Amino acid sequence: MMAAVVVAALIGPGPAQACRLALVLAMDVSASVDDAEYALQAQGTAAALRAPSVRAALLDPSQPPVAIAVFVWSGPADQDLVADWTVIDSATALDTLAQGVAAHPRNALASGRTATGDALLRAAGLLSQAPVCDRQVVDLATDGTFNAGTPPEAVRSSAAFRDITINGLAVSGGQVPDWRDGGTQETALAAYLTRLVIRGPGAFVEIAKDYGDFERAMTRKLERELAGMVLGQLP
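Definitions and cut-offs
- Residues numbered from 1 in each chain as written.
- Predicted model: local features only at pLDDT ≥ 70, side-chain atom pairs only at ≥ 80, totals over all residues.
- Heavy atoms only, no water.
- Helix = DSSP H or I, 4+ residues; strand = E, 2+ residues; numbered from the N terminus.
- Buried < 20%, exposed > 50% of the residue type's maximum accessible area, 1.4 Å probe, protein only.
- Contact = heavy atoms within 4.5 Å.
- Polar contact = N/O pair within 3.5 Å; in protein donor to acceptor, adjacent residues only side chain to side chain.
- Expected span 1.5 Å × (residues − 1).
- Arc of directions from axis to C-beta.
- Pairing = 2+ DSSP bridges.
- Axes fitted to C-alpha atoms, helices over the stretch in contact; angles between N-to-C directions.
- Salt bridge = Lys/Arg side-chain N within 4 Å of Asp/Glu carboxyl O.

Draft legend 1. Structural detail: the environment of Thr114. Examined against the element boundaries, Thr114 turns out to sit in the loop between α4 (91–103) and α5 (116–127). Using a relative accessible area of 5% as the deciding quantity, one classes Thr114 as buried. In this structure Thr114 touches Asp28, Ser30, Trp73, Ser74, Thr142, Gly144, Thr145, Phe146, Asn147 and Ala148, once residues within four positions along its chain are discounted. Looking at Thr114, its side chain comes within polar contact range of the side chain of Ser30, at 3.3 Å.

Right, dumping it as structure tokens:
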């Protein structure tokens, strides 16, 4: 018995728990997001995680579990981890995660800039420490375009994102000063994210009309991500 314990100690812990999806939720808290909007974003994300359709998909007993990590971001060096990797293998795990997201305070991040590329780099770093999963997805929510740090188009094309899908949630209603697509104010940010941020098979952008619409948009986004890829989305 003692020999077995010694061997186990030398080998170290076993492999991380397998799962079907490692999902990083990245929430924008740059200067364009005020305290009330942050509350709608955090509480909307928590409510989306608890939505009956999302809850059923996360806790589907016929499939391996999902692992989720959450952080907020603004400038190049301004990121704050809300929840480290949580394997959603029970209703308790899901409720604890949702409660933590809803209750997380809006810490003052220094620059207030929108460093989309650096947020993606932080997400890739988290995914490098994730449980072993079939798919890796970054779920990036923002209400503005990149204006500091590393350009997101350079990050998404790097080797770090070779096997990672990036989806976007565009919160409309703000200014998109450095992007003109000939569309409307509601669609301009989504067009920007589609062109320069999202990547991977089946990648998509969900649109929230404003922060009051965030819960609905996040719920829809999680439903699509948890449904996985369909054959028509394969390249």
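Having seen the model, we can carry on.
Draft legend 2. Geometry of α4. Between its first and last C-alpha atoms α4 spans 18 Å; for 13 residues at 1.5 Å apiece the expected length is 18 Å, and the two agree. Listed as buried for α4 are Ala93, Leu94, Leu97, Ala98 and Val101. Taken down its axis, α4 places every buried residue within 130° of arc, on the same side. Opposite the buried face of α4, by more than 90 degrees, sit the exposed residues Thr92 and Ala103. Those residues of α4 that are buried lie in contact with β1 (19–28), α2 (35–50), α3 (52–58), β2 (66–73) and β3 (79–88).

Draft legend 3. The arrangement of the pairing of strand β4 (residues 133–142) in detail. Where burial is concerned, most of β4 is hidden: seven out of the ten residues are buried. As judged from the eight bridges shared by β1 and β4, these two strands associate in the parallel manner. Looking at β4, one finds that Met27 is bridged to Ala141. Across seven bridges, the pairing between β4 and strand β5 (residues 164–171) is parallel. Along β5, the bridge assignment pairs Thr142 with Ala170.

Draft legend 4. Representation of the sheet that holds β5 within the structure. Taken in spatial order, the six strands of this open sheet run β3-β2-β1-β4-β5-β6, and their pairing is mixed. At either margin of the open sheet sits one strand with a lone partner, and together these are β3 and β6 (205–208). Across the sheet, the mean angle separating the axes of adjacent strands is 15° when strand polarity is ignored. Relative to β2, β1 is paired through eight bridges, and the arrangement is parallel. By the bridge assignment for β2, Leu25 is matched with Val70. Strands β1, β2 and β3 of the sheet are contacted by α4, whose axis makes an angle of about 170° with β3.

Draft legend 5. Representation of the side chain of Asn167. Locating Asn167 in the fold gives a position in strand β5. For Asn167, a relative accessible area of 3% translates into the label buried. With near-sequence residues (within four places) excluded, Asn167 lies in contact with Val137, Val138, Asp139, Leu140, Ile198, Gly202, Ala203, Phe204, Lys221 and Glu225.

Draft legend 6. Focus on the pattern of salt bridges. This structure, assessed with the given rule, holds seven salt bridges. Between Glu206 and Arg224 there is a salt bridge, with the nearest N and O atoms lying 3.2 Å from each other. Pair noted here: Glu206 is in strand β6 and Arg224 is in helix α8 (residues 214–227), with a separation of 18 residues, a long-range link. In this structure Arg224 comes out as partly exposed when scored by relative accessible area, which is 29%. Through salt bridges that share partners, Asp139, Lys221 and Glu225 make up one connected network.

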